[in-house]
Structures are given as C-alpha cells and as structure tokens.
Amino acid sequence: KQEVTQIPAALSVPEGENLVLNCSFTDSAIYNLQWFRQDPGKGLTSLLLIQSSQREQTSGRLNASLDKSSGRSTLYIAASQPGDSATYLCAVRSNSGAGSYQLTFGKGTKLSVIP
Amino acid sequence: DAGITQSPRHKVTETGTPVTLRCHQTENHRYMYWYRQDPGHGLRLIHYSYGVKDTDKGEVSDGYSVSRSKTEDFLLTLESATSSQTSVYFCALSDRADTGELFFGEGSRLTVL
C-alpha cells in the first residue's frame with residue numbers, strides 16, 4: 001500500500017527566503033505526483049503535476065522535482081512571500097490493481113512566511 | 001481552473017436525516033471523485049465515477065452512496081447522517097485516470113448534530 005509522508009508538518013520562515021518542502025513515498029511505481037496548495041477554508045489548488053517520466057516541473061517561483069528511485073519529491077519556493085502562507089500537500093497516483101488508479105495524499109506541510 | 005461547483009457549501013443537519021451533496025462540472029471530464037478531509041486523517045476517497053452510471057467505492061465508502069446520471073453531475077448521499085460524518089467534503093475531477101491532473105472544488109462543510 002502506498003504511503004506518502006510530508007516532513008515537516010509545519011514550517012515558519014522569514015519573507016524572502018528560499019525554501020524546500022519534502023514529500024516521500026514508499027512505492028516507486030507511480031504514474032505521477034501532484035503538488036497542491038490549500039488556504040484555510042478553501043479547496044485544493046493544483047500547483048504542479050509531474051508525470052513519472054519527468055524529473056521536474058516549473059511554474060513561476062515554484063519548482064518541483066521527482067526522484068522515483070528514491071521515492072522523493074521536493075517543492076522549491078524561491079523568494080518566499082507572505083502570500084505563500086498555506087498548507088502544501090503532495091499526492092501520488094499509483095495503480096491500485098484491477099485497472100483502477102489511486103491517489104494517495106500526504107498530510108501536508110503548513111507554511112508560514114513571516115513579513 | 002476547472003469549472004467545479006459544489007452545493008451546498010455549508011450545511012448543518014441532525015443525526016438520522018438524509019443529506020445530498022452535489023458536484024457540478026463544466027469541463028466534460030470523465031472522472032469525478034468525492035473526498036472527505038478530516039484533521040489527523042487528511043484526504044480520504046469516498047467514491048469515484050469513471051463515467052455516466054459507472055461508480056466504484058473508495059477507502060471510506062460505508063454510509064455513503066453516489067449517483068452520476070449525467071457527465072456534469074456527481075451526487076453524494078448520506079442516507080442517514082451520523083456525527084462521524086461531520087467533515088469537509090471535496091469533489092474533484094480529472095480527464096484521465098492514470099496521468100490526468102486532479103482539480104478540486106471549493107468544498108462542502110457538513111455538520112451533523
């Protein structure tokens with residue numbers, strides 16, 4: 001059974017710092033990995049999707065990398081801003097058998113960027 | 001962003017009453033999902049649909065049923081709500097089961113008294 005872990009559970013940084021959020025997964029046979037952002041009381045917003053054949057994806061100040069062999073992904077946020085404060089979740093899509101595909105979520109990292 | 005609308009956004013109900021949550025999409029995506037999000041448990045899949053009238057169970061399906069009579073609508077029904085079903089419910093959709101990007105609605109907060 002796929003398990004996804006995000007450490008740390010919470011992170012506080014001063015504005016302007018570059019930071020890295022970590023996501024690890026136990027089964028490397030994945031189809032893709034997706035990073036989301038969730039603001040309090042809101043839904044999940046998709047940030048980046050990395051297919052299993054890709055090593056990284058970039059969107060603005062965000063860069064996500066994927067290393068399937070080690071079961072790891074990182075989300076790099078450059079020049080952090082207070083508006084980046086949110087909970088960041090990663091999710092891994094795997095084959096759960098019988099032709100179905102399961103998305104397994106980590107519990108998230110709550111990021112606070114201090115002005 | 002994908003066009004996903006959930007209704008109602010907030011609901012308070014009493015134990016034992018039926019509740020239906022609706023998810024409506026304008027993207028014509030084939031796959032639709034219902035998740036619940038609870039502190040300490042994260043996001044858990046309740047049911048999903050892979051086409052009109054094609055649905056299957058997720059990991060926490062007990063006490064829930066779903067229906068999909070049109071591509072754009074996916075309904076989640078609690079036949080007899082219990083306090084343990086107090087949660088935030090999210091609808092999500094994707095155009096492919098294996099490699100598709102998942103898009104979420106804004107959520108429906110349900111409180112069962």
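Computed from a predicted structure; not experimentally measured.

(A) Highlighting the state of the cysteines. Enumeration over the complete set of coordinates arrives at two disulfides over all chains. Covalent S-S linkage joins C23 of chain A and C90 of chain A, the inter-sulfur distance amounting to 1.9 Å. The S-S bond linking C23 of chain A to C90 of chain A shows a torsion near 75°; that makes this disulfide right-handed. A residue pair is termed long-range when its members are at least 10 positions apart, and C23 of chain A in strand β3 (residues 19-25) and C90 of chain A in strand β9 (residues 86-97) qualify at 67 residues. Each member of the pair, C23 of chain A together with C90 of chain A, is buried. In this model, C23 of chain B is linked to C91 of chain B through a disulfide, with the two sulfur atoms separated by 1.9 Å. Here the S-S torsion is close to -70°, and the disulfide linking C23 of chain B with C91 of chain B is therefore left-handed. Here the residue C23 of chain B occupies a position in strand β3 (residues 19-25), and C91 of chain B occupies one in strand β9 (residues 87-94), the gap between them amounting to 68 residues. Taking relative accessible area as the criterion, C23 of chain B reaches 0% and is therefore assigned buried. Judged by its relative accessible area of 0%, C91 of chain B is buried.

(B) Quick peek at the interface of chain A and chain B. Counting from both sides, the interface comprises 19 residues of chain A and, opposite them, 20 residues of chain B. Between chain A and chain B, roughly 1,600 Å² of surface is buried when both sides are summed, and carbon and sulfur atoms account for 53% of that area. The largest share of the area that chain A buries against chain B comes from L44, R93 and F105 of chain A, three residues that together contribute 28% of it. Seen at the junction of chain A and chain B, the total is zero salt bridges. Here chain A is connected to chain B by nine residue pairs in polar contact (both at pLDDT 80 or more). For the side of chain A that touches chain B, the elements supplying multiple residues, two or more each, are β4 (30-38), β5 (44-51), β9 and β10 (100-105) of chain A. With five residues, β4 of chain A is the largest single contributor of residues to the side of chain A that touches chain B. Residue composition of the side of chain A that touches chain B, by class: eight nonpolar, eight polar and three charged.

Rules used throughout
- Residues numbered from 1 in each chain as written.
- Chains lettered and ligands numbered in written order.
- Predicted model: local features only at pLDDT ≥ 70, side-chain atom pairs only at ≥ 80, totals over all residues.
- Heavy atoms only, no water.
- Disulfide = S-S within 2.5 Å.
- Helix = DSSP H or I, 4+ residues; strand = E, 2+ residues; numbered from the N terminus.
- Buried < 20%, exposed > 50% of the residue type's maximum accessible area, 1.4 Å probe, protein only.
- Contact = heavy atoms within 4.5 Å.
- Buried area = accessible area lost by both parts, 1.4 Å probe.
- Salt bridge = Lys/Arg side-chain N within 4 Å of Asp/Glu carboxyl O.
- Polar contact = N/O pair within 3.5 Å; in protein donor to acceptor, adjacent residues only side chain to side chain.
- Nonpolar A, V, L, I, M, F, W, Y, C, P; charged D, E, K, R; others polar.

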